[in-house]
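Geometric and topological summary
Residues per chain, in single letters:
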Amino acid sequence: MKIKVLFLTVIILFGIILFSNNIDMDLHINEWDVIKEINDTKATGDSLNCTLIGRSLFGECNDAFIKDTIVYSCHGVSLLVFNIKDIANPILLGFYDANGIVYGVYVVDTFAYIANGYGGLRIINVSNPDNMVEIGFYNTGNFARRVCVVDTFAYVADGNTGLRIINISDPTNPGEIGFYDTSGWTYNVYVVDTFAYVADGDGGLRIINISNPTNPGEIGFFDTGDWTIDVYVVDTFAYIADGNTGLRIINISNPDSLIEIGFYDTGNYAYGVYVIDTFAYVADGYDGLRIINVSNPAGPVETGFFNNGGTTEDVFVVDSFAYIADTDYGLRIVNVSNPVNPGEIYLYYTGNWVRSVYVIDTFAYIANSANGLRIINVSDPAIPIETGFYDTSGRSYGVSVIDTFAYVADYTAGLRIINVSNPAIPIETGFYNTDGRSYDVYVIDTFAYVADGDSGLVIVNVSDPANPGEIGFYDTGGSAYGVYVIDTFAYVADGDNGLVIINVSDPANPGEIGFYDTGGSTEDVYVIDTIAYIADYSAGLRIINVSNPDSLVEIGFYDTGSYALGVYVIDTVAYIADGYGGLRVINVSNPVIPIEIGFYDTGDWAEGVYVVDSFVYIADGGAGLYIIKYPMESTGIEESRHTSNISMNNYYIKYNSNTIDIYFGLKSSGELDLKLYDKLGRELKQLSNGIKSSGYTKISIDKNDYSIGEYFVKGKMNNTDISFKILIIK
């Protein structure tokens with residue numbers, strides 16, 4: 001397994017080098033440091049005391065499937081369902097948050113089969129798009145990227161482990177009946193009759209005989225020369241999307257002797273291909289959609305193209321419309337009735353990598369990496385609506401809004417100042433190109449304090465937004481990722497250098513007055529009174545007493561479990577954007593002993609957090625914007641924790657490396673009868689059965705005794721029901 005993970009890591013890093021315009025080359029947090037096998041251990045939407053209210057900017061679009069007048073589209077961690085009866089005005093019917101990033105989807109009858117990366121194959125009942133429900137899943141063992149369903153079998157392109165054949169005759173209990181481990185990294189599969197045509201990365205095209213699905217065998221292959229990502233078969237021809245070499249056309253009439261009869265260099269990087277009649281539609285990365293006339297397979301000719309600045313990675317064609325999966329912009333619908341002059345008629349704009357969020361009044365301002373500044377109306381948090389956007393010249397990492405101006409930390413493009421007085425038509429007013437790479441910005445009065453990476457803290461005078469100018473800077477020594485300013489002090493999250501405190505009483509001559517090495521990589525900081533709350537990447541939440549800058553002292557910490565990237569504090573609660581761990585809610589009323597009191601698994605890479613009233617806005621990387629309510633509203637679920645025998649601070653759960661410790665605050669002594677159940681309601685263990693004294697009682701569950709997943713603790717205290725959910729993650 002380690003060899004396979006290493007191999008996949010090399011492939012991903014190679015892909016980053018090839019497609020650096022789509023993925024930031026110099027991320028201060030390398031999202032690829034940890035291959036996301038954590039998706040095997042958690043389910044998007046798992047929560048404690050938190051409830052999802054709304055979603056927006058669902059994330060990059062990876063795949064789409066059209067059935068009748070319904071589009072099933074893969075966006076970030078979500079499957080989105082649209083009604084396209086009016087092709088120019090699709091209606092979003094609903095969405096389903098999966099176990100991780102949704103890479104592929106295939107729909108038969110009322111079931112959607114999802115290729116869920118490390119989450120394997122998920123089977124979703126989509127008969128009611130407003131309330132889609134997972135009814136079955138199968139862990140394919142590696143990385144499920146695409147799926148093709150024929151009769152009672154799902155054929156899964158599973159990365160390093162090749163082709164997996166899953167029996168889905170009972171969709172609630174799918175099971176593998178056969179597999180074929182190809183020599184490459186399996187990206188896609190197309191099934192015709194008794195043959196599976198596998199796009200196998202550097203392994204080229206593989207043809208697998210599946211007449212006996214329990215014993216599939218290879219009967220032919222063709223080395224395409226580059227990186228075979230997609231395949232589409234018509235009659236005796238296989239059309240290959242082959243990365244840098246474009247479209248390859250292979251005669252497959254004799255699988256023992258495959259012969260290339262034609263090719264077309266599409267110009268960029270061919271990710272996907274779909275063929276109808278005499279045209280091949282190629283998803284060609286930065287060059288958009290290419291339409292190739294293949295009436296003469298030996299001499300294919302381009303007849304038209306559509307390119308509007310995104311990264312086209314897949315295409316599905318029905319009638320005279322091409323549905324494009326654009327990882328930069330979202331779902332695009334292009335009219336191809338005239339292949340010489342295709343034209344876009346609809347764009348569902350889901351965004352790029354969502355990095356930061358700032359909320360003021362009824363608008364959420366999103367730093368959306370390559371797609372710049374996005375403005376979302378959140379007056380109704382359950383139905384957030386994008387009202388405007390501005391594509392900055394760089395990659396937006398951070399945003400701060402004061403009055404009618406949005407100040408964007410725009411990576412290599414420095415500080416951008418956007419007039420948002422009319423949210424529908426934001427206009428850039430001015431900019432200042434800093435020397436470093438701008439990650440964050442904090443604005444007070446007429447000064448913008450920019451966390452400028454290796455260049456440290458840069459102070460920009462923005463009294464005239466049309467003509468901002470630098471008045472001071474301080475080289476912090478590390479890499480400044482975050483900044484928070486109170487009175488005359490700037491608190492800088494300085495990466496491996498920890499927390500640095502800068503006296504900015506004279507902005508033209510800032511000077512360091514204190515620092516603290518947090519032990520991790522300091523990514524973000526939030527200060528209240530004399531306490532600094534640090535998002536310290538793998539070191540979790542660090543709580544620092546800053547009352548004496550000459551002698552900073554850590555007074556508490558909490559291991560958030562993943563990678564703490566953002567922090568926001570209100571009253572006695574710290575909200576942490578925790579990378580793969582989603583939102584963590586920590587009670588810091590006693591900063592010496594912080595206690596987790598809630599969480600919500602957002603599904604991808606929680607990077608930024610902002611809190612207004614009881615709503616938490618999470619910027620979740622490839623999965624978009626989440627709006628979460630804490631504390632959780634009543635949902636009708638039987639979860640009777642607030643009983644007469646349990647205090648208002650009734651219990652809290654501490655997730656340790658090997659145990660889950662549940663602390664009950666009991667008002668009075670009495671009999672506590674608790675049992676552990678799995679999600680099917682089967683009793684697993686008696687946790688407590690006897691008289692407990694008043695005060696705190698701890699019950700521990702050894703995680704090593706149980707597999708990963710959801711469990712329920714249920715029972716009675718003096719004949720009063722208690723019921724709540726826990727999540728075992730290893």
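Residues numbered from 1 in each chain as written. Predicted model: local features only at pLDDT ≥ 70, side-chain atom pairs only at ≥ 80, totals over all residues. Heavy atoms only, no water.

From N to C terminus, the protein includes 1 helix and 64 strands. Contacts in the protein between residues at least 24 apart in sequence constitute 48% of all its contacts with a sequence separation of at least 6. In the structure as shown, the protein presents an accessible area of about 27,000 Å², 48% of it carried by carbon and sulfur atoms. (Helix = DSSP H or I, 4+ residues; strand = E, 2+ residues; numbered from the N terminus. Contact = heavy atoms within 4.5 Å. Areas by Shrake-Rupley, 256 points an atom, 1.4 Å probe, with all protein chains shown as cover.)

Another aspect to go through is the confidence of the model for the protein. Low pLDDT marks regions whose predicted coordinates should not be analysed in detail. Mean pLDDT for the protein: 88, with 88% of residues reaching 70 or above. Below pLDDT 50 for its whole length, residues 1-42 participates in 93 contacts with residues either more than four positions away or in separate chains. Overall, residues 633-649 carries pLDDT values under 50, and its contacts beyond four positions in sequence, including any with other chains, amount to 40 contacts. (pLDDT = per-residue confidence, 0-100.)

Across the sheet, 4 strands lie side by side as β2-β57-β56-β55; this open sheet has antiparallel pairing. Looking along the sheet, the strands with just one partner apiece sit at the ends: β2 (51-56) and β55 (608-612). The mean inter-strand angle of the sheet, taken between neighbouring strand axes irrespective of direction, is 20 degrees. For strand β56 (residues 615-619) and strand β57 (residues 625-629), the ladder comprises 5 bridges, and the chain directions are antiparallel. When the sheet's bridge partners are listed, Phe-615 is paired in β57 with Lys-629. (Pairing = 2+ DSSP bridges. Axes fitted to C-alpha atoms, helices over the stretch in contact; angles between N-to-C directions.)

So, about unusual backbone geometry. For Asp-277, which is not glycine, the phi torsion reads 55 degrees and is therefore positive. In this structure Asp-277 comes out as exposed when scored by relative accessible area, which is 71%. The phi angle at Asp-529 is positive, at roughly 55 degrees, despite the residue not being glycine. With respect to the helices, strands and loops of the structure, Asp-529 is situated in the loop between β47 (524-528) and β48 (531-535). The exposure class assigned to Asp-529 is exposed, which follows from its relative accessible area of 70%. (Buried < 20%, exposed > 50% of the residue type's maximum accessible area, 1.4 Å probe, protein only.)

A separate point is the pattern of salt bridges. The tally for this structure, following the rule as stated, stands at 17 salt bridges. As a salt-bridge pair, Asp-97 and Arg-55 come within 2.7 Å of each other at their nearest N and O atoms. Of this pair, Asp-97 sits in strand β6 (residues 91-97) while Arg-55 sits in strand β2, placing them 42 residues apart in sequence. Here Asp-97 and Arg-55 have matching classes, each one buried. (Salt bridge = Lys/Arg side-chain N within 4 Å of Asp/Glu carboxyl O.)

What follows deals with the pairing of strand β52 (residues 573-577). Of all the 5 residues making up β52, 5 are buried; the element is thus mostly covered by neighbouring parts of the structure. The alternating pattern of β52 places Val-573, Tyr-575 and Ala-577 on one face and Ala-574 and Ile-576 on the opposite face, and all of these are buried. Judged from the 5 bridges that link them, strand β51 (residues 566-570) and β52 form a sheet pairing that is antiparallel. Note that in β52 the partner of Gly-566 across the bridge is Ala-577.

What follows deals with the sheet that holds strand β42 (residues 469-474). Within a sheet, each strand pairs with its neighbour through backbone hydrogen bonds, oriented either parallel or antiparallel. The 4 strands are arranged β39-β40-β41-β42 in an open sheet whose pairing can be described as antiparallel. In this open sheet, the two strands that pair with only one neighbour each are β39 (440-444) and β42. Across the sheet, the mean angle separating the axes of adjacent strands is 20 degrees when strand polarity is ignored. Summarising the sheet, strand β40 (residues 447-451) and strand β41 (residues 457-461) pair through 5 bridges and their orientation is antiparallel. Of the residues in β41, the one forming a bridge with Phe-447 is Asn-461.

Okay, the environment of Val-340 next. Along the chain, Val-340 falls in the loop between β29 (330-335) and β30 (343-349). Val-340 gets classed as exposed once you look at its relative accessible area, which sits at 59%. Separated by 38 residues in sequence, Val-340 and Glu-302 have C-alpha atoms that sit 8.8 Å apart. Apart from the residues lying within four places of it in its own chain, the contact partners of Val-340 are Thr-303 and Gly-304.

Here we come to the side chain of Ser-73. One can find Ser-73 in strand β4 (residues 70-75). On the basis of relative accessibility, which here comes to 0%, the residue Ser-73 falls in the buried class. A polar side-chain atom of Ser-73 sits 2.5 Å from a polar atom in the side chain of His-75. Ignoring anything within four residues of it in the chain, the contact list for Ser-73 reads Cys-61, Asp-63, Ala-64, Ser-78, Leu-79, Leu-80, Phe-82 and Leu-331. (Polar contact = N/O pair within 3.5 Å; in protein donor to acceptor, adjacent residues only side chain to side chain.)

So, about the environment of Trp-185. If you trace the backbone, Trp-185 turns up in the loop between β14 (175-180) and β15 (188-192). Sequence separation of Trp-185 and Ala-199 is 14 residues, and the distance between their C-alpha atoms is 8.4 Å.

All right, on to the state of the cysteines then. In total, this model carries 0 disulfides according to the counting rule given. For the unlinked cysteine Cys-61, the closest cysteine sulfur is that of Cys-74, found at 6.9 Å. Since its relative accessible area comes to 0%, Cys-61 is described here as buried. (Disulfide = S-S within 2.5 Å.)

It is worth spelling out the packing of aromatic side chains at this point. Under the counting rule described, the total for this entry stands at 32 aromatic pairs. Relative to Trp-185, the ring of Phe-143 lies with its centre 5.6 Å away and its plane at 45 degrees, an arrangement referred to as tilted. You can see Phe-143 sitting in the loop between β10 (133-138) and β11 (146-150) and its partner Trp-185 sitting in the loop between β14 and β15, a full 42 residues away along the chain. Judged by its relative accessible area of 11%, Phe-143 falls in the buried class. By relative accessible area, Trp-185 is classed as buried at 3%. (Phe/Tyr/Trp six-rings, centres within 6.5 Å; stacked < 30°, edge-to-face > 60°.)

Here we take up the environment of Tyr-617. Following the sequence through the fold, Tyr-617 ends up in strand β56. With residues near it in sequence (within four places) discarded, Tyr-617 still touches Val-357, Val-359, Val-378, Gly-608, Val-609, Tyr-610, Val-612, Leu-625, Tyr-626 and Ile-627.

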